[in-house]
Amino acid sequence: MRRFRRKYYDVFSHFYDRIIALHSQDKRAFLRRLIVERSKAPRGGRLLDLCTGTGAVALCAGEMLGPESLVVGVDFSQGMLNKAREKAQRKKLSNVHFVLADVARLPFVAASFDAVTCSHAMYELQPQTREACFAEIKRVLKPGGVFVMMEHCEPKHPFIKMLYYIRLASMGSPENRAFARDEVPFFRRFFSDVTKELTPTGGSKIILGVKK
Ligand SMILES: C[S@@+](CC[C@H](N)C(=O)[O-])C[C@H]1O[C@@H](n2cnc3c(N)ncnc32)[C@H](O)[C@@H]1O
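What comes next concerns the included structure.

What counts and how
Residues numbered from 1 in each chain as written. Predicted model: local features only at pLDDT ≥ 70, side-chain atom pairs only at ≥ 80, totals over all residues. Heavy atoms only, no water. Core = buried A, V, L, I, M, F, W, Y, C linked by side-chain atoms within 4.5 Å. Buried < 20%, exposed > 50% of the residue type's maximum accessible area, 1.4 Å probe, protein only. Helix = DSSP H or I, 4+ residues; strand = E, 2+ residues; numbered from the N terminus. Contact = heavy atoms within 4.5 Å. Salt bridge = Lys/Arg side-chain N within 4 Å of Asp/Glu carboxyl O. Near = heavy atom within 4 Å. Areas by Shrake-Rupley, 256 points an atom, 1.4 Å probe, with all protein chains shown as cover. Nonpolar A, V, L, I, M, F, W, Y, C, P; charged D, E, K, R; others polar. Polar contact = N/O pair within 3.5 Å; in protein donor to acceptor, adjacent residues only side chain to side chain. Pairing = 2+ DSSP bridges. Right-handed = clockwise from strand over helix to strand, strands pointing away. Axes fitted to C-alpha atoms, helices over the stretch in contact; angles between N-to-C directions.

## What to know about the nonpolar core
(1) Moving on: In terms of nonpolar packing, the biggest core is built from 33 residues, with Leu-48, Leu-50, Met-122 and Phe-147 touching the most fellow members.
(2) Moving on: Within the residue set of this core, elements represented by two or more residues are β1 (46-50), β2 (70-75), β4 (113-119), α5 (127-140), β5 (141-152), α6 (158-170), α7 (174-181) and α8 (184-188).
(3) Moving on: Those residues within four positions of Met-122 in sequence are excluded, and the remaining contacts are Arg-130, Cys-133, Phe-134, Ile-137, Phe-147, Met-149, Glu-151 and Phe-179.
(4) Moving on: Listed in part, the 27 residues of the second largest apolar core include Leu-47, Ala-58, Ala-61 and Met-150.

## Structural notes on unusual backbone geometry
(1) Moving on: One non-glycine residue, Lys-92, adopts positive backbone phi at about 55 degrees.
(2) Moving on: The residue Lys-92 is located in the loop between α4 (78-90) and β3 (96-100) in this model.
(3) Moving on: Judged by relative accessible area, Lys-92 falls into the exposed class, the value being 71%.
(4) Moving on: Despite not being glycine, His-120 shows a phi value in the positive range, around 50 degrees.
(5) Moving on: By secondary structure assignment, the location of His-120 is in the loop between β4 and α5.

## Side note on the pattern of salt bridges
Charged atoms that come close allow side chains of opposite charge to pair.
(1) Moving on: Counted under the stated rule, the structure contains 12 salt bridges.
(2) Moving on: The partner of Lys-196 in a salt bridge is Glu-183, with the nearest N and O atoms 2.9 Å apart. Of this pair, Lys-196 sits in strand β6 (residues 192-198) while Glu-183 sits in the loop between α7 and α8; the two residues are 13 residues apart in sequence, bridging distant segments of the chain.
(3) Moving on: By relative accessible area, Glu-183 is classed as buried at 0%.

## Observations concerning the site of the ligand
(1) Moving on: If you check the shell around the ligand, you find 18 residues, and the closest are Tyr-16, Cys-51, Asp-75, Val-103 and Ser-119.
(2) Moving on: Summarising the interface, the protein chains cover 95% of the accessible area of the ligand, which totals 600 Å² for the free molecule.
(3) Moving on: In terms of residue class, the shell around the ligand is built from nine nonpolar, six polar and three charged.

## Some words on the side chain of Thr-199
(1) Moving on: One can find Thr-199 in the loop between β6 and β7 (204-210).
(2) Moving on: Here the side chain of Thr-199 touches Thr-201 through a polar contact of 2.9 Å, side chain to side chain.
(3) Moving on: If near-sequence neighbours (up to four positions away) are discounted, Thr-199 is found in contact with Leu-31, Leu-34, Ser-204, Lys-205 and Ile-206.

## With respect to the environment of Arg-3
(1) Moving on: Tracing the backbone shows Arg-3 in helix α1 (residues 2-12).
(2) Moving on: Sequence spacing of Arg-3 and Ser-77 is 74 residues, and the spatial spacing of their C-alpha atoms is 9.6 Å.

## Section: the pairing of β4
(1) Moving on: Across the seven residues that make up β4, a large majority, seven, are buried.
(2) Moving on: Sheet topology note: the β1/β4 ladder contains four bridges and is parallel. From the neighbouring strand, Leu-47 faces β4, where its bridge partner is Ala-115.
(3) Moving on: Strand direction decides the pairing type here: β4 and β5, joined by six bridges, are parallel. Within β5, the residue paired with Phe-113 across the bridge is Leu-141.
(4) Moving on: For the crossover from β4 across α5 to β5, the handedness is right-handed.

## A look at the sheet that holds β7
(1) Moving on: The strand order β3-β2-β1-β4-β5-β7-β6 describes an open sheet built from seven strands, whose pairing is mixed. In the strand order of this sheet, the two ends are held by β3 and β6, each with one partner. When the angles between neighbouring strand axes are averaged without regard to direction, this sheet yields 15 degrees.
(2) Moving on: Examined bridge by bridge, β6 and β7 share five bridges and lie antiparallel to one another. Paired with Thr-195 across the two strands is Leu-208, which belongs to β7.
(3) Moving on: Against the sheet, α4 makes contact with β2 and β3, and its axis sits at roughly 170 degrees relative to β3, the strand it touches most.

Structure (structure tokens):
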């Protein structure tokens, strides 16, 4: 299953940015800045972006946190990372790096990041992968560091809502549907000061927690 998803994203990487651009580039750009702001990563700090895909959030963080910062994007699709690296080179962002890894096993020492972000990916993980991933996030965050994730809310339009549930069902577990409906109890098992907000653009939500 994991190998299939990785291959799927390798192929999808060739169209991903164009599809997102069609969807709504302005809104996405605003949301990327918002998730980095909510992470509270300091200028010059260290931020890890999980399931980074073509690097949208990581590159935005690299610009916002400045040249002294270190931003690392992790993904298990080589195709997605190739696109992300091309974009970093075009933008001349030498503080942003991309690492091929599974989010269930992060190749970083403990307490090495000020913040961890994840956008539009956490719902897709298998329950056991998500469980391992949260434990890994907690391990690699410094005390006081923030984990922040963004996801789509349940769509209102019946047809889009059906597609949304097909996406969740394709991940094949009731745990995924429960997590998508309310992430807060899961977050509280790992983090303190958990909050959830709807974004001003509508249609997305941001959930965050702090490592004590
Ligand atoms: C829908 S894309 C989101 C990409 C990006 N965060 C964004 O907002 O545009 C999901 C990404 O998660 C990655 N992914 C899924 N499962 C993963 C895993 N277990 N480990 C690492 N990356 C994973 C996929 O390769 C894909 O690039």
